[in-house]
Amino acid sequence: MKHIRSYFLGIVIFLMPACSIINETPVDSIAASTYFQNYKDVEAAVISTYSVLTGANSYGRLRILATELSSNNIEHRINQFEFAHFSDHQLIAENIVLFPIWSEIYKGIMRANDVIAAVPKLDPKNQELSKNFLGEAYFLRAFMYFDLVRMFGDVPLVSTPSNNVDLNAVRVARTESQKIYAQIVADLQEAEKLLPESYAIKVQNRGRATKMTAKAYLAKVFLYQKDYTNCLAKLDEVINNTANYGLVSLDILYNTNDNLETVFELFFAIDGISLQLLPAIAPYNGFGEYYVNTNLLKLFDSQDKRLAYMIQNNGNWFAAKARKAKTTTADPVYCLRLAELLLIRAEVLARNSGTPTPKALEALNLVRQRAGLEAKKMTDFANLDSFIESVLIEKRKEVMFETGDFWFDAIRAGYASKLLGVSNPNAYLYPIPSAEIVRNPNLTQNSGY
Amino acid sequence: MKKSDSKLFFLGFLLLALSTATLQAQNRIIRGTVYSATDNSPLIGVTISPKNSEQMVLTDINGDYTIQIPDSVRFLQFAYIGYLLQEIEIGEKTTLSVHLQSRPLVLKLESSADSVQEQVVAIGYGTAERSQIMSSIASVSSTEIEMQPVASVQQAIQARMAGAYITQNSGTPAGGIATRIRGLTSINFGSEPLYVIDGVPMSNYTNFSNISRINSVQQGNNYLATINPSDIASIDILKDAAATSIYGSRAAAGVVLITTKRGKSQKTAINFNSYYGIQEVSKRLDLMNTNQYVDLIKETYINGKGTLNPSLTEQSVDTDWQSLLFRQVPIQKYDISMQGGTDKTHFFVSGGYFSQKGVVVGSGFDRYNFRLNLDQKINNKFRIGTSLLFSQDFHQRIQEDFTGNAVLVHLSLMRPNLAPYLPTGEYQLDPLINGRDNPLATAETVQDHATIRRLIGNLYGEYQIGNYITFRSSLGTDFIASKENFFRPPSTSYIGRTAGGVGIGIQMTDLLWINENTLHYKRTFYGSGASQKHAINFLIGTGVQHSSMDRIQAYASNFSSDKVPTLSAGASKGNQTNTSQEAWGMVSYFSRLNYSFNEKYFLALNFRIDGSSRFATNKKFASFPSASLGWIVSEEAFLKKYTWINQLKLRSSFGFTGNQEIGNYTSQGLYVGGQSYIGLNGFAPSTVSNPDLSWETTKQYNVGLDISLFKNRFSLTVDYYLKNTEDLLVNVTLPTSTGFSSSLRNAGSVENKGLEIDVLTKNLVGAFAWTSRLNVSFNQNLVTSLQSTILTGVGGFSNITKEGIAIGSFWGTKLIDKKVDANTGNFVFEDANGNGTTFNDAGDRQVIGTPHPIFTGGMSNLFTYKAFDLSVLAQFVYGNDIFDFTRSRYEGMQGVNNGSLALLNRWKNIGDQTTVPKAIFNDFSNGPVSDVWLQKGSFLRLQTISLGYTLPQSRLQKIKLANLRIYTTLQNIYTFTNYTGSHDPEVNAYSQSNTANGVEYGAYPKAKTYILGITIGF
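The structure presented is a predicted model; accordingly, all values stated were derived computationally and were not measured. (Residues numbered from 1 in each chain as written. Chains lettered and ligands numbered in written order. Predicted model: local features only at pLDDT ≥ 70, side-chain atom pairs only at ≥ 80, totals over all residues. Heavy atoms only, no water.)

Here the focus is the interface of chain A and chain B. Every contact between the two is made by 60 residues of chain A and, on the other side, 69 residues of chain B. Summed over both sides, the interface between chain A and chain B buries roughly 5,400 Å², with carbon and sulfur atoms accounting for 66% of that surface. Counting every contact that joins chain A to chain B gives zero salt bridges. Where chain A touches chain B, the interface holds 14 residue pairs in polar contact (both at pLDDT 80 or more). Counting residues per element, the ones that place at least two in the side of chain A that touches chain B are α1 (4–14), β1 (30–31), α2 (39–53), α5 (98–118), α8 (167–170), α10 (204–207), β5 (262–266) and α20 (434–439) of chain A. With eight residues, α5(A) is the largest single contributor of residues to the side of chain A that touches chain B. Of the residues contributing to the side of chain A that touches chain B, the split by class is 34 nonpolar, 14 polar and 12 charged. Pairing geometry for β1(A) and strand β31 (residues 670–672) of chain B, over two bridges, is antiparallel. (Contact = heavy atoms within 4.5 Å. Buried area = accessible area lost by both parts, 1.4 Å probe. Salt bridge = Lys/Arg side-chain N within 4 Å of Asp/Glu carboxyl O. Polar contact = N/O pair within 3.5 Å; in protein donor to acceptor, adjacent residues only side chain to side chain. Helix = DSSP H or I, 4+ residues; strand = E, 2+ residues; numbered from the N terminus. Nonpolar A, V, L, I, M, F, W, Y, C, P; charged D, E, K, R; others polar. Pairing = 2+ DSSP bridges.)

Any two side chains of opposite charge can pair, on the condition that their charged atoms come close. One pass over the full model with this rule turns up 58 salt bridges over all chains. A salt bridge links A:Glu402 to A:Arg337; the shortest N-O distance between them is 2.8 Å. Highlighted residues: A:Glu402 in the loop between α17 (384–399) and α18 (406–412) and A:Arg337 in strand β9 (residues 333–337), separated in sequence by 65 residues. Between B:Glu756 and B:Lys239 there is a salt bridge; the shortest N-O distance is 2.9 Å. Taken together, the positions of B:Glu756 in strand β37 (residues 748–764) and B:Lys239 in the loop between β15 (232–238) and α5 (241–244) put the pair 517 residues apart, joining distant regions of the chain. For the pair shown, B:Glu756 and B:Lys239 are each scored as buried. Residues joined by salt bridges that share partners form a network here, namely A:Glu261, A:Asp304, A:Arg306, A:Arg337, A:Arg368, A:Arg370, A:Glu394, A:Lys397, A:Glu398 and A:Glu402. (Buried < 20%, exposed > 50% of the residue type's maximum accessible area, 1.4 Å probe, protein only.)

Let's shift gears to the environment of B:Leu901. Within the secondary structure, B:Leu901 sits in the loop between α12 (885–890) and β46 (934–936). Ignoring any residue separated from it by four or fewer positions in sequence, one finds B:Leu901 in contact with B:Asp286, B:Leu287, B:Met288 and B:Gln292.

What follows covers the environment of B:Leu729. Residue and element names in this part refer to chain B. Position of Leu729 among the secondary structure elements: in strand β35 (residues 729–733). Considered as a pair, Leu729 and Leu374 are 355 residues apart in the sequence and their alpha carbons are 42 Å apart. Residues in contact with Leu729, not counting those within four places in the same chain, are Asn188, Phe189, Phe615, Asn659, Ile662, Leu693, Ser694, Glu696, Leu744, Arg745 and Asn746.

This brings us to the packing of aromatic side chains. Taken as a whole, this structure holds 50 aromatic pairs over all chains when the rule is applied. Arranged with centres 6.1 Å apart and planes meeting at 55 degrees, the rings of B:Phe354 and B:Phe365 form a pair that is tilted. Of this pair, B:Phe354 sits in strand β19 (residues 345–357) while B:Phe365 sits in strand β20 (residues 364–377), and the two are 11 residues apart along the sequence. When sorted by exposure, B:Phe354 lands in the same class as B:Phe365, which is buried. Between B:Tyr468 and B:Tyr521, the ring centres sit 6.4 Å apart and the planes meet at 65 degrees, which makes this aromatic pair edge-to-face. Of this pair, B:Tyr468 sits in the loop between β22 (447–465) and β23 (469–488) while B:Tyr521 sits in strand β24 (residues 502–526); the two residues are 53 residues apart in sequence, bridging distant segments of the chain. Its relative accessible area of 11% is what places B:Tyr468 among the buried residues. Judged by relative accessible area, B:Tyr521 falls into the buried class, the value being 6%. Each residue in the set A:Phe86, A:Trp102, A:Tyr106, A:Tyr145, A:Phe152, A:Trp407 and A:Tyr430 is aromatic and connected to the rest through ring pairs, giving one cluster. Stacked on the ring of A:Phe146, the Lys or Arg A:Arg150 has its end atom at 3.8 Å from the ring centre. (Phe/Tyr/Trp six-rings, centres within 6.5 Å; stacked < 30°, edge-to-face > 60°. Lys NZ or Arg CZ within 6 Å of the ring centre and 35° of its normal.)

A few words on the sheet that holds strand β1 (residues 27–36) of chain B. Residue and element names in this part refer to chain B. Strands sit in the order β4-β1-β7 across an open sheet of three strands; the sheet is mixed. Both outer strands of the open sheet, β4 (64–70) and β7 (98–100), are each paired with one neighbouring strand and no more. Across the sheet, the mean angle separating the axes of adjacent strands is 40 degrees when strand polarity is ignored. Both β1 and β4 contribute to a ladder of seven bridges, which runs antiparallel. Residue pairing in the sheet places Ile29 in a bridge with Gln68 of β4. (Axes fitted to C-alpha atoms, helices over the stretch in contact; angles between N-to-C directions.)

Here we come to the packing of helix α9 (residues 177–194) of chain A against helix α11 (residues 211–224) of chain A. Residue and element names in this part refer to chain A. Closest axis-to-axis distance for the α9/α11 pair is 8 Å, and the angle between their directions is 160 degrees. What the angle tells us is that α9 and α11 run roughly antiparallel. Judged by the twist between their axes, the crossing of α9 over α11 is left-handed. The segment α9 lies against α11, with Tyr181, Ile184, Val185, Leu188, Gln189, Ala191, Glu192, Lys193 and Leu194 engaging Lys211, Ala214, Lys215, Tyr217, Leu218, Val221, Phe222 and Tyr224. (Parallel < 35°, antiparallel > 145°, perpendicular 65-115°, else oblique. Left-handed = near helix turned anticlockwise from the far one by under 90°.)

This brings us to unusual backbone geometry. All names here are of chain B. Positive phi, close to 50 degrees, is recorded for Phe710, a residue that is not glycine. Looking at where Phe710 falls in the secondary structure, it is placed in the loop between β33 (696–709) and β34 (714–726). Non-glycine residue Asn972 carries a positive phi angle of around 50 degrees.

Bringing the nonpolar core into the picture now. One recurring pattern in soluble globular proteins: nonpolar side chains tend to sit buried together. Ranked by internal contacts, the top residues of the largest apolar core, which has 136 residues, are A:Phe139, A:Ile184 and A:Leu341. Per-element tally for this core: the top contributor is helix α7 (residues 131–152) of chain A, with 15 residues. Core analysis: the second largest hydrophobic core is formed by 30 residues, B:Val200, B:Leu224, B:Ile237 and B:Val256 among them. (Core = buried A, V, L, I, M, F, W, Y, C linked by side-chain atoms within 4.5 Å.)

This part is about the pairing of β5(A). All names here are of chain A. For β5, the tally of buried residues reaches five of five residues, placing the bulk of the element in the interior. Direction of pairing for β5 relative to β9: antiparallel, over a ladder of four bridges. Paired with Phe264 across the bridge in β9 is Leu336.

Now for the pairing of strand β30 (residues 645–659) of chain B. The two faces of a sheet get side chains in turn, since along a regular strand they alternate between them. Residues and elements named next belong to chain B. Here seven bridges tie strand β29 (residues 621–632) to β30, and the two strands are oriented antiparallel to one another. In the strand pairing of β30, Ser626 is matched with Gly655. Pairing analysis gives 14 bridges linking β30 to β33, with the strands arranged antiparallel. Note on β33: the bridge partner recorded for Gly658 is Thr697.

All names here are of chain B. Across chain B, the average pLDDT comes to 83, with 92% of residues at 70 or higher. Mean pLDDT in chain B bottoms out at helix α2 (residues 105–109), which sits at 43, and peaks at β19, which reaches 93. Contacts for the low-pLDDT stretch residues 105–118, under 50 throughout, to residues beyond four places or in other chains number 40 contacts. Across the interface, the model reports ipTM at 0.88; the global pTM reads 0.80. (pLDDT = per-residue confidence, 0-100.)

All names here are of chain A. With their axes 9 Å apart at the nearest point, α2 and α7 run at an angle of 20 degrees to one another. On the basis of the axis angle, α2 is roughly parallel to α7. Judged by the sense of rotation from one axis to the other, the crossing of α2 with α7 is left-handed. Taking contact as the criterion, the partners of Tyr39, Val42, Glu43, Val46, Thr49, Tyr50 and Leu53 in α2 are, on α7, Phe133, Glu136, Leu140, Phe143 and Met144. Taken together, the residues of the contact of α2 with α7 sort by class into nine nonpolar, one polar and two charged.

We now examine the sheet that holds strand β16 (residues 255–260) of chain B. All names here are of chain B. Read across the sheet, five strands follow the order β10-β15-β16-β13-β14 without closing on themselves; strand pairing throughout is mixed. Each having just a single partner strand, β10 (137–141) and β14 (200–201) make up the two edges of the open sheet. Bridging between β10 and β15 involves five bridges; their strand directions are antiparallel. Its bridge partner being in β15, Ile137 is matched across the sheet by Leu238.

Residues and elements named next belong to chain A. Going through the model one piece at a time under the given rule, you end up with zero disulfides over all chains. Here Cys231 is not disulfide-linked; the sulfur of Cys335 is the nearest cysteine sulfur, at 18 Å. Using a relative accessible area of 0% as the deciding quantity, one classes Cys231 as buried. A relative accessible area of 4% means that Cys335 is categorised as buried. (Disulfide = S-S within 2.5 Å.)

In structure tokens, the structure reads:
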């Protein structure tokens, strides 16, 4: 009997190992299952989605390079083949630039999907406080699918978080591009409803999505869908909002951030990755890897004041537009600004009428005259086609070195052959990166690759 | 098994065990005197203890003793330092007087495979006699360790134990060492065995991400460098599942038990131990001189049609960079230890200093260590004790391997026609090759210092409950505080100039604590007339451990001067400053039952349940059972008549072990910060969660045989094992449309099978004695299933791991002929995929070799003649390949690097028959990963030759010393090998990787050492 007490003690000690010790939670990161607690967590997740766009595989470098090269606006200095294949429109599926572009876009989509799935699970109060952020997530998802569908055509449509551990379930096949576009429109319309008119901090009105940003992108997406009526309606909502949007002088446009003209721009932190890739020489501190395609020079009239801002010569022609390293922040990337919307308006008005109209011409001339060019006259255009072509060329000159949209524009409007010399329609879509097909055997390849 | 079940299970066991504890036993008293057999003088302080018991008494000044023992005790053991242990059956006697035989020198030095029955082996949560062990355990004793001066624990094991393949990745003092017990059982995680020192499982680098190694990148520090080998009493390696499964989830890669010395009841003995040696580089590379280099460069440019900068062919300077970087330096060690005790208190205390300068300028290692081991008997039932180690290590590293300015890579590439210094006395950076840093400047001026302070301690209490049960509780800790300072001055290297110099400071603390509680029940029952003997040994226990790490990193660049390395001198503080914290915890329940019948038939069962914080909610717990059976055939009547058979033992075992060495939170899916935009901080998922993430489980079969013949003059141990590791933790690639590139899954299995042979022969006995021991281990590794293909190594793809081949097989293009095309001077590669091209064609790659040896082993020979002893240890490795990346760089024939003398045989004219292609500037067609750079890595190394002289007892008494030995040792004196690459065939550039073994890239050369040492006992 005298041992009873020690037995008891022994049993207590034996069974002591507590469960808490095997339920460690991370300190310097947060477990995914417990991440979304309130609206602040939602905002931080949305911010991280924007930050994807500023990465080196996205608008920080490769995404812009790819379509600027395809637009034949720039070329690689020593014609390194992975870049030269974009300029020559001879891409191969193994291209090592394409895969990171593809996977980075989906990384952003995944982050947006997380937010879209998480907000409805919050308590009602936080759901309400997260409304704007949810709108941003819808906007960003649309923005990224818009890039994907224009580059690759049919792509896997992923609209829910990827926490599935079943490998077969995540090997998603391609969805036809019409359905992708439908999803983009639906997302933008949802964003339009949810997004705020403006942010408390002024700079965020251009750097984050607002109601107007959603409308402007809806207009652009409708343009690509050839839905000119809806396009015009959305365009006018933005263009007529003169309190917030208007043309500014070239000096302001190219030397300041956050000016009245921009609808959406991406900001870069000074010591993060910044967009300094196009300028080649001091004092611009660039990579020195890319030169301007000298054919571009032929597009400019001598009195075009944009030329001096955009292209300079220091032994080689290099892009100088709005890429000066500022002291406080690095240069932003202009994704969409009023000049482009005006040129879209010019095109759409003309297309709706089947012929150039004075109103269409007026929109075109607003952009031309700001550049110091003389106004075009109705008599300058023989027909709709010559007007459209003129608008496209004007747009190319206006937004070159920004996001490389001329490549998509030329294909959309059927001018790729005429303006870029690309007659093989298979080249109008990039190949699905082979590295992704290896990971996902359910993917098919675009024709011609 | 669910957790609640497991608790019930243990409660049941516990009650079962306790129910037998209340039986009381009768006592009787034995008396006697102990004499020395040599001169019949009484021996004072001889330890007398019942066999298998903790109880003991000492003889008094007249050699007399009295001991009170339970009736059940049948044998008494008599132990005395310098004498053979004697075991005597008591029978009906009440008086036992004994003459002890003094222990001859040769026996003292014999290795642990010696099948002397008295040998005690650590088995985890206890010890057992070697003869009673039916699992596979290899051991090294303190005498073997003391025989030769080794710097670390692993070196004490290297080449001495079957089944343990130890690779010293580089010659860096206290640099990383890879230990593989019975092959690679994991693809991505934890292949180092679990080291347990005096019951404390030591922390290792895989506990936390990012612990150390600022810029030395691949080569970590040896985390066992802390331990002074002189403090070690024995090292036991648990190999088969029956032995390891008591350590459950951490045991798949084997368990190494280190037991340090403890005091005994004896007169205080003081030992002083010291050696001093000189080291030098064991082998230099044969590099070209200026004339030979200039010839090559001219030719390179002519063939390559490049524009040659005439300064490249400057011939007025001829620098031997190796002479500048390599040096002769000392290695030295001073130890003092005291041990002794009364019948109540035992102590062992030691202090030591070890210093090894590196054979490459700018490197070295210093260690100060202090140990206190104490045991105190409070009363007959209660005992407490402690083991305590404190040490401070100072590592001074040079930039190795893949770092931007790796000293040894640049060393072999430097042009000989460049002077190391400018006329102004400053270091010269190659003005013609941008980024080619001066290795002398890098070695001398870049600081990479680490100070590691470590406390490993264990406190235990042991309480005897009744006669058969012992309760033991212990609390242990492994506390590491490390401090690393890195400084790259702003002016002495290209890479330093770009950022204006870089300074990094890292401080890290890692605190592990562990509490374990065991109940140990031990009893022998006798059947009818004592002819049937049932021995039961039952252990159950629980354990809980927790480990947490805190790390602070600070960073600065833009230093104004080369002279001030502290971060205060750096103008830009940068964004690499951060802190991090991680933790993991584990709870365990374990038990072991040993049963033997008549000491002939043995059964052992182990069962352990571990729960780890690292695994997903549904998979936290796992159980690891094992069983072994043994039969001592030589105890059977039909063999007993053959007296030349001393022992014949058959063993077999089967069981499970696990591996939990993955990231601490990997299963959870994580959101991390720092994803900022527009001045706001963002949080984003970094890993995808896997709620089913579970343990890697290794299933192991083992059969073994132990034979001792001819009065133990021939002993043989053979083991065959088959290990199947399932649910391998593998990063499986995902479609990136998920937003992730991979996810950690249990998605593979690997098989290791092998044969281990250990032979001990006493070739000569008597005045001139000669003992040999040979161990050979064969292991075969095969990936039996894998959901993804893993490419690693040089250029990201020199090694491949996929189904159907060994982990990390070499992957490259194959030469059609082992020489260059006599017409073109280029290699002709096999167009394996038949697409008409071999240039830059990934499709032509195939398995071209294996980094895994077919067999490895060692052979030791010990000769003794009177007071002299001579030991020779050789290590051998056979059948592996080495991918020599350094050579592919300096013999690539496309650049302006210096190269080896082999390049003098390069192809020059049509018709030349040679194995070295033509030199052609900027033409990389000869340079892909191919079997051109693959060499056989087999070698036989004369590891240690040691000659010692021990002063005879008669002389010792005159000078009033207990012991005096002087010795001289030669280490790494010669290596027989066909490997012509770098300094040494023992290479492993990617030491932290399981999948990229056998790659050589700028390895730190190993030292050849000449040592003189002395051991004095007072």
